[in-house]
Amino acid sequence: MQVTMTVNGEQFTREIEGRKLLVHFLRDDLGLTGTHWGCDTSNCGTCVAWMDGEPVKTCTVLAAMADGREVRTVEGLEVDGVLDPVQEGFMQCHGLQCGFCTPGMMMTARALLDKDPDPSEEAIREAISGQICRCTGYTTIVRSIQWAARHEAASAASVESVS
């Protein structure tokens, strides 16, 4: 079957098998290996990307289900060489260790901050509760997301004061 979807702002059309998972389409067909494949059961959350602005676990979504939709992967966070504050926060606060869960965590964090620019620690922990990190104990991940929230708020405040 043929699918057409917009991924990170670019439209792609490919011929696929109907049973192909979105995670495999992104990685194998489009070469977007930032989306990791960890479990096929939606338990680990390493494969989180967005479909029409909502986080989804791409290991449980058929690529055919994304036909005509917009998909955003971790590669789509960086814009024109500028890292998203979430990416910067993970670097600054050591929110990654082995890096395997990091792309899914970042996509979930970005979705959270888009809905709640100043989340509590509890809200952050709830947002990432569907994802497994085997290295960090989550403390540095939470700090990374808090860093991103603070820096986005400071950036927005400085833009407003200039206007």
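Residues numbered from 1 in each chain as written. Predicted model: local features only at pLDDT ≥ 70, side-chain atom pairs only at ≥ 80, totals over all residues. Heavy atoms only, no water.

**Thoughts on the environment of proline 55**
- With respect to the helices, strands and loops of the structure, proline 55 is situated in strand β4 (residues 54-57).
- Placed 16 residues apart in sequence, proline 55 and valine 71 show a C-alpha to C-alpha distance of 9.5 Å.
- If near-sequence neighbours (up to four positions away) are discounted, proline 55 is found in contact with Val48, Ala49, Trp50 and Ala111. (Helix = DSSP H or I, 4+ residues; strand = E, 2+ residues; numbered from the N terminus. Contact = heavy atoms within 4.5 Å.)

**Looking at helix α1 (residues 22-29)**
- Within α1 the residues assigned to the buried category are Leu22, Val23, His24, Phe25 and Leu26.
- Immediately downstream of α1, the backbone of glycine 31 shows phi near 70°, a positive value. (Buried < 20%, exposed > 50% of the residue type's maximum accessible area, 1.4 Å probe, protein only.)

**Some thoughts on the sheet that holds strand β3 (residues 48-51)**
- Read from one edge of the open sheet, 5 strands run β2-β1-β5-β3-β4, paired in mixed fashion. Unpaired on one side and paired on the other, β2 (10-15) and β4 mark the two borders of the sheet. The mean angle between the axes of side-by-side strands here comes to 40°, regardless of whether they run parallel or antiparallel.
- Here β3 pairs with β4 via 4 bridges, running antiparallel. Residue alanine 49 lies in a different strand from β4, and its bridge partner there is valine 56.
- The sheet strands contacting α1 are β1 (2-7), β2, β3 and β5 (70-72), and the helix crosses β1 at an angle near 80°.
- Helix α3 (residues 102-115) contacts β3, β4 and β5 of the sheet and is inclined by roughly 45° relative to β3. (Pairing = 2+ DSSP bridges. Axes fitted to C-alpha atoms, helices over the stretch in contact; angles between N-to-C directions.)

**Side note on the packing of helix α2 (residues 85-92) against α3**
- Where α2 contacts α3, the axes come no closer than 9 Å and their chain directions differ by 125°. Taken together, the axis directions place α2 and α3 in an arrangement best described as oblique. Our pair here, α2 against α3, has a crossing hand that is right-handed. Between α2 and α3, the residues in contact are Pro85, Val86, Gln87 and Phe90 and Thr102, Met105, Met106, Ala109, Arg110 and Leu113, respectively.
- Its residues assigned to classes, the contact of α2 with α3 comprises 7 nonpolar, 2 polar and 1 charged. (Parallel < 35°, antiparallel > 145°, perpendicular 65-115°, else oblique. Left-handed = near helix turned anticlockwise from the far one by under 90°. Nonpolar A, V, L, I, M, F, W, Y, C, P; charged D, E, K, R; others polar.)

**Details of the side chain of threonine 73**
- Its location among the elements puts threonine 73 in the loop between β5 and α2.
- Beyond its immediate sequence surroundings of up to four residues, threonine 73 is in contact with Val7, Asn8, Leu26, Leu32, Thr35, Ala49 and Met107.

**Notes on the state of the cysteines**
- Scanning the model with the defined rule gives 0 disulfides in all.
- For cysteine 39, which is in no disulfide, the shortest distance to another cysteine sulfur is to cysteine 44 and amounts to 3.7 Å. (Disulfide = S-S within 2.5 Å.)

**Considerations on the pattern of salt bridges**
- For the coordinates displayed, the defined rule picks out 8 salt bridges.
- Salt-bridge contacts for glutamate 17 lead to arginine 19; the nearest nitrogen and oxygen are separated by 2.7 Å.
- Given a relative accessible area of 66%, arginine 19 falls into the exposed group.
- Residue arginine 69 is joined to aspartate 52 by a salt bridge in which the shortest nitrogen-to-oxygen separation is 2.4 Å. Of this pair, arginine 69 sits in the loop between β4 and β5 while aspartate 52 sits in the loop between β3 and β4, and the two are 17 residues apart along the sequence.
- Each of the salt bridges in this network shares a partner with another, and the network as a whole consists of Asp84, Arg110, Asp114 and Glu152. (Salt bridge = Lys/Arg side-chain N within 4 Å of Asp/Glu carboxyl O.)

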